[in-house]
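Here are the chains, one letter per residue:
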Amino acid sequence: MVKENLKEVEKRIQEACERAGRDRKEVTLIAVSKTKPVEMMQEVIEEGVVTFGENKVQEILIKQEILTGNLSWHMIGHLQRNKVRQLVGRVDRIHSVDSLRLAKQIQADFEKQNKTADILIEVNIAKEESKYGLMPEETENVIREIAKFPNIKVHGLMTIAPFVNNPEENRVHFKNLYKLLVDIKSKNIDNVNMDELSMGMTGDYEVAIEEGATFVRVGTGIFGSRIYQ
Ligand SMILES: *Cc1c(COP(=O)(O)O)cnc(C)c1O
């Protein structure tokens, strides 16, 4: 089941890249494995997937004990400041940096262990009441502040688009995030790369790819629906 799902997702990614005239290599599929057992993750590893997205620090630590080998772990969920210390040296990207306060904590905890945090800035691009993320207008200024932290490297932007029935409804938000990325990139802020765009989930990753995503985060589409206790 999981392997067939993965093939289907891979095919759709490929087709979206072709429609957009993009190279498949520009897009990294993040298999979002939160709540899912390592046995299921093993199935996609056998198919060549190495990049996993998780939203809880504890779950990352537990799964890393079991799944060794050359995997890339991405923290995609809301991060509490008191959990940052446990993430040092554990993940290749933190996608969900949504405040200067959190960035300060990341700087402090990573500095203590002489490590650099590779991060994306989460933007609430549709300005939804219920969502984490910076407002688009404040994003550049916050990035300018974070750029001063020597143990943080900003690589780009991330968003969680609204839940919609028709993915076309999110196209405008993906376009806007892409524009924001390009705009901030053009400012050439020291210590800031604006080359990565994390957007698109199971319901809308094809549209996100057409609009410039470099990371798509697909959970349900690969592992099936999640059951929360
Ligand atoms: C759970 C989650 C996903 C994956 O969602 P699906 O709809 O299951 O693909 C992607 N991004 C974030 C931030 C998530 O928390």
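The following paragraphs examine the structure supplied in this document. (Residues numbered from 1 in each chain as written. Predicted model: local features only at pLDDT ≥ 70, side-chain atom pairs only at ≥ 80, totals over all residues. Heavy atoms only, no water.)

This part covers the packing of helix 6 (residues 136-146) against helix 7 (residues 171-185). Interaxial distance between helix 6 and helix 7 falls to 11 Å at its minimum, and their mutual angle equals 35°. The crossing of helix 6 and helix 7 is right-handed. In this structure, helix 6 contributes Pro136, Thr139, Glu140 and Ile143 to the contact, and helix 7 contributes Leu180, Asp183 and Ile184. Looking at the contact of helix 6 with helix 7 residue by residue, the class counts come to four nonpolar, one polar and two charged. (Axes fitted to C-alpha atoms, helices over the stretch in contact; angles between N-to-C directions. Helix = DSSP H or I, 4+ residues; strand = E, 2+ residues; numbered from the N terminus. Left-handed = near helix turned anticlockwise from the far one by under 90°. Contact = heavy atoms within 4.5 Å. Nonpolar A, V, L, I, M, F, W, Y, C, P; charged D, E, K, R; others polar.)

Moving on: the nonpolar core. In terms of nonpolar packing, the biggest core is built from 66 residues, with Ile94, Ile146, Leu157 and Ile222 touching the most fellow members. Among the elements that take part in this core, helix 1 (residues 2-20) stands out by supplying six residues, more than any other. Dropping the residues within four chain positions of it, Ile94 is found in contact with Met75, Leu79, Leu87, Ile106, Phe110, Asp118, Ile119 and Leu120. (Core = buried A, V, L, I, M, F, W, Y, C linked by side-chain atoms within 4.5 Å. Buried < 20%, exposed > 50% of the residue type's maximum accessible area, 1.4 Å probe, protein only.)

What follows covers the site of the ligand. Neighbouring residues of the ligand: Val32, Lys34, Ile76, Met158, Ile160, Met201, Thr202, Arg217, Val218, Gly219, Thr220 and Arg226. In this structure, an oxygen atom belonging to the ligand sits 2.6 Å away from a side-chain N or O atom of Lys34. One nitrogen or oxygen atom from the side chain of Arg226 is found 2.8 Å from an oxygen atom belonging to the ligand. Taking 390 Å² as the accessible area of the ligand by itself, protein coverage stands at 90%. The class makeup of the residues in the shell around the ligand is six nonpolar, three polar and three charged. (Near = heavy atom within 4 Å. Polar contact = N/O pair within 3.5 Å; in protein donor to acceptor, adjacent residues only side chain to side chain. Areas by Shrake-Rupley, 256 points an atom, 1.4 Å probe, with all protein chains shown as cover.)

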